Amino acid sequence: MEKRPGTGTVIYKEGTYFLEAEGKTHAIPVGAHLKTAQLKELVGQKVEVVFSEPTSFVIGLVPVAKVGGRIPRIICYFPADPWAFGVVEEAARVGLAQQFLNQGVLSKENYEKLGTE
Amino acid sequence: MKSLGQNEPRALPRAFVIELTMRCNNHCLYCYNEGGAAELTRTSEMSTAEVTSIISKLHEETSVETIALSGGEPFLREDLPEILSFIRKMGITPVIISNGTLLSGDKVAATVPDVTYEVTLLSYKPQVHDHLAGRRGAWKAAVDGMCNVRHAKGNLVAVFVATKLNCVDLKTTAELAIAMGAGALMYNRMNLSRHNIQFAEKLLPTPEMIRENLEVLDALAVRYGITVSVSVVIEPCVVDVRRYIHLHFGWCPLAGEGSYFTIDPLGNLRICNHSPVLLGNLLRESFREIYYNHPYIRQFRETLPVECEPCDPELKALCCGGCKAAAEQCYGTPVRIDPFVTLSGIGPAVPGSR
């Protein structure tokens, strides 16, 4: 999966769960961080592919349809680098920054440094 | 002692920590740093050439992918940008572990890009952060620094060290870090050492506090999509961490492939940044020679604290005896259990002892 697809579908075949995206299937490892029961609920449903690289990928664990098209932010990493960075929505970050500015925790100067994208 | 059945030969580590200096401008109450109590002078540190020679050695002898520059406070080294450039030139990913107080716009500009800044943020309340950091003004300087990193589009990881005094501030502190552009959060419960154990009663968070914190972090990971790493081991006999499915828990890599061997300011090698045991000196010795042949590494890998023997096999396989370096620090041996477990009221669980 060299280019990140927006969504994929969770499928179940012969005892193994797979992510199907862009015509390819990738086995989803089940372990301490991801239980079979969680995947079972997702079978046949579209999930967000949060990011992907040649050897690992990250998917949302809430069906896209269930949240009305809004990209779910519940993610699970496997076996992605634990240092991988999250995907905080800029609007959420800006909202928090504004809140801390209003409360006087962040100075105006620092608030402006943070900027908006 | 019980063998954990490790297979030889082991794969080589991919991450290392280099402590560039033991000098620090903070005086954190919880600091576990082995050299933190010592007054070391500039002459007690490797030169730039010596540091780069060790980086070259790691590059030649191991599968190194990441090098974290730590201290003390690494920004007290004037040659930090030069060392970073060398690391990048070797194709290695650099990380800087810093208290954030020296992250001026100029210093960030001299070190960005392609570096991850791990900066400690202890509270959203200046007085709490300053009290724990042991210095007035530390909070303001760290917050200014984190904003400078964001302004320069640098990668920021906010590190929260959990103590009794700041656990209650976690949620708002994490949100402040997110507001300042942190792309990941690291949660470390205070780790005990011979230097900070005197403050254990005052600072060590209780299992209930940690449980509440993990619930907060799990919810934040869902709400904001932020990566949360729980790095210092929380032994599952103290808190069952398996229920927090959105958090990444760190376990002792047992001096194996996933470990982060640490080199001190004089070139001495240790198993990790918490271990006090010197294995050799990389200015004179080969890493591979030490890694494959040092008897302490074998002992460290194969030792399971005696208190852990009656534990549930699933938990034992997950935890591998907790932080044995903390036991080594506090008791002088990795055969004992992490004092965090004992002080949490869980141990000792030696058969027949209770």
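Every value quoted in this text rests on a predicted model; they were computed, and no experiment measured them. (Residues numbered from 1 in each chain as written. Chains lettered and ligands numbered in written order. Predicted model: local features only at pLDDT ≥ 70, side-chain atom pairs only at ≥ 80, totals over all residues.)

S.K.: Hey, could you run me through the overall build of chain A in this one?
M.R.: Each helix and strand counted, chain A has three helices and six strands in total. For chain A, the N- to C-terminal ordering of α and β elements is β-β-β-α-β-β-β-α-α. The buried share of chain A, taken over its 117 residues, is 27%. Within chain A, contacts between residues at least 6 apart in sequence are counted, and of these 37% link residues at least 24 apart. (Helix = DSSP H or I, 4+ residues; strand = E, 2+ residues; numbered from the N terminus. Buried ≥ 20, exposed ≤ 12 C-beta atoms within 10 Å, placed from the backbone. Contact = placed C-beta atoms within 7 Å.)

S.K.: What am I meant to see in the overall build of chain B here?
M.R.: Helices and strands together make up the secondary structure of chain B, namely 13 helices and eleven strands. Against the 2.2 N^0.38 benchmark of 20 Å for 354 residues, chain B shows a C-alpha radius of gyration of 20 Å, consistent with a compact globule. In terms of principal-axis extent, the alpha carbons of chain B reach across some 60 × 45 × 35 Å. Across the 354 residues in chain B, those meeting the buried criterion constitute 52%. Across chain B, contacts joining residues at least 24 apart in sequence account for 74% of those joining residues at least 6 apart. (Rg over C-alpha atoms; globule rule 2.2 N^0.38 Å.)

S.K.: Explanation requested: the packing of helix α1 (residues 48-61) of chain B against helix α2 (residues 80-89) of chain B in the structure shown.
M.R.: Two numbers describe a pair of packed helices, the interaxial angle and the distance between the axes. Residues and elements named next belong to chain B. The contact between α1 and α2 brings their axes to 10 Å, and the two run at 20 degrees. Relative to α2, the element α1 is oriented roughly parallel. The handedness of the crossing between α1 and α2 is right-handed. Residue-level inspection shows T48, V51, T52 and I55 of α1 in contact with α2, the latter providing E82, I83, F86 and I87. Residue composition of the contact of α1 with α2, by class: five nonpolar, two polar and one charged. (Axes fitted to C-alpha atoms, helices over the stretch in contact; angles between N-to-C directions. Parallel < 35°, antiparallel > 145°, perpendicular 65-115°, else oblique. Left-handed = near helix turned anticlockwise from the far one by under 90°. Nonpolar A, V, L, I, M, F, W, Y, C, P; charged D, E, K, R; others polar.)

S.K.: Teacher, can you tell me more about the nonpolar core here?
M.R.: In a soluble, globular protein the nonpolar side chains are often hidden away together inside. Residues and elements named next belong to chain B. Membership of the largest hydrophobic core comes to 117 residues, with the highest contact counts inside it found for A158, F160 and L185. Top contributing element to this core by residue count: helix α5 (residues 138-151), with eight residues. Excluding residues within four positions of it along the chain, L185 makes contact with A158, F160, A174, A177, I226 and V228. (Core = buried A, V, L, I, M, F, W, Y, C linked by C-beta atoms within 7 Å.)

S.K.: What is the right way to look at the confidence of the model for chain B in this model?
M.R.: Close inspection of predicted coordinates is inappropriate for parts of the model with low pLDDT. Residue and element names in this part refer to chain B. Mean pLDDT for chain B: 88, with 92% of residues reaching 70 or above. Counted against residues more than four places away or in other chains, residues 1-8, with its pLDDT under 50, gives 14 contacts. Overall, residues 36-42 carries pLDDT values under 50, and its contacts beyond four positions in sequence, including any with other chains, amount to nine contacts. Under the prediction, the complex receives an ipTM of 0.89, its pTM being 0.80. (pLDDT = per-residue confidence, 0-100.)

S.K.: How do you make sense of the confidence of the model for chain A when you look at a structure like this?
M.R.: Residues and elements named next belong to chain A. With 58% of its residues at a pLDDT of 70 or more, chain A has an overall mean of 71. Ranking the elements of chain A by mean pLDDT puts strand β6 (residues 75-78) last with 33 and helix α3 (residues 108-114) first with 97. Here residues 67-83 scores under 50 on pLDDT; set against residues more than four positions off or in separate chains, the count is 42 contacts.

S.K.: It is not clear to me how the sheet that holds strand β11 (residues 280-281) of chain B should be interpreted in this structure. Could you clarify?
M.R.: All names here are of chain B. Spatially, the eleven strands line up as an open sheet ordered β8-β7-β6-β5-β4-β3-β2-β1-β9-β10-β11, and their pairing is mixed. If you trace the sheet from one side to the other, it starts and ends with β8 (248-249) and β11, each paired once. Here strand β10 (residues 268-270) runs beside β11; their pairing, made up of two bridges, is antiparallel. Within β11, the position partnered with N268 by the bridge is N281. In this fold helix α6 (residues 170-179) packs onto β5 (155-162) and β6 (184-189), with an angle of close to 165 degrees to the strand it touches most, β5. (Pairing = 2+ DSSP bridges.)

S.K.: It is not clear to me how the pairing of strand β9 (residues 260-263) of chain B should be interpreted in this structure. Could you clarify?
M.R.: Across a regular strand the side chains alternate sides, sitting on one face of the sheet and then on the other. All names here are of chain B. Of the strand pairs in this sheet, strand β1 (residues 15-19) and β9 are connected by four bridges, and their pairing is parallel. Bridged to V17 within β9 is T262. Counted between consecutive antiparallel strands, the loop separating β9 from β10 contains four residues, among which G267 sits at a positive phi close to 95 degrees.

S.K.: For this particular structure, what's the right way to read the environment of G6(A)?
M.R.: Residue and element names in this part refer to chain A. You can see G6 is positioned in the segment before β1 (7-13). Judged by the 11 C-beta atoms lying within 10 Å of it, G6 is exposed. Distance in space between the C-alpha atoms of G6 and Q103 is 37 Å, their sequence separation being 97 residues.

S.K.: In this structure, what is going on with unusual backbone geometry? I would like to understand it.
M.R.: Peptide bonds are, in most cases, trans, and in most cases residues other than glycine have a negative phi. All names here are of chain B. With an omega of 15 degrees, the peptide bond between G71 and G72 qualifies as cis. Here G72 lies in the loop between β2 (66-70) and α2. Here the bond from V112 into P113 is cis, since omega is 5 degrees, no more than 30 degrees from zero. Its location among the elements puts P113 in the loop between α3 (105-111) and β4 (116-120). For L254, which is not glycine, the phi dihedral falls at a positive 55 degrees. Structurally, the position occupied by L254 is in the loop between β8 and β9. Residue classification places L254 among the buried residues on the basis of 20 C-beta atoms within 10 Å.

S.K.: I keep staring at the pairing of β1(A) and nothing clicks. Help me out?
M.R.: All names here are of chain A. With five bridges joining them, β1 and strand β2 (residues 16-21) adopt antiparallel strand pairing. Paired with I11 across the bridge in β2 is F18. Between β1 and the antiparallel strand that follows it, β2, lie two residues; E14 among them carries a positive phi value of about 45 degrees.

S.K.: In this structure, what is going on with helix α2 (residues 90-102) of chain A? I would like to understand it.
M.R.: Note that an α-helix has 3.6 residues per turn; residues three or four places apart therefore point the same way. If you check α2(A), its first and last C-alpha atoms are 18 Å apart, about what 13 residues at 1.5 Å a residue would give, namely 18 Å. All of the buried residues along α2(A) are R93(A), L96(A), A97(A) and F100(A). Down the axis of α2(A), the smallest arc covering the buried residues is 100 degrees, so these residues share one side. Facing away from the buried side of α2(A) by over 90 degrees, the exposed positions are A91(A) and N102(A). Buried-residue contacts for α2(A) involve α3 of chain A together with α6 of chain B. (Expected span 1.5 Å × (residues − 1). Arc of directions from axis to C-beta.)

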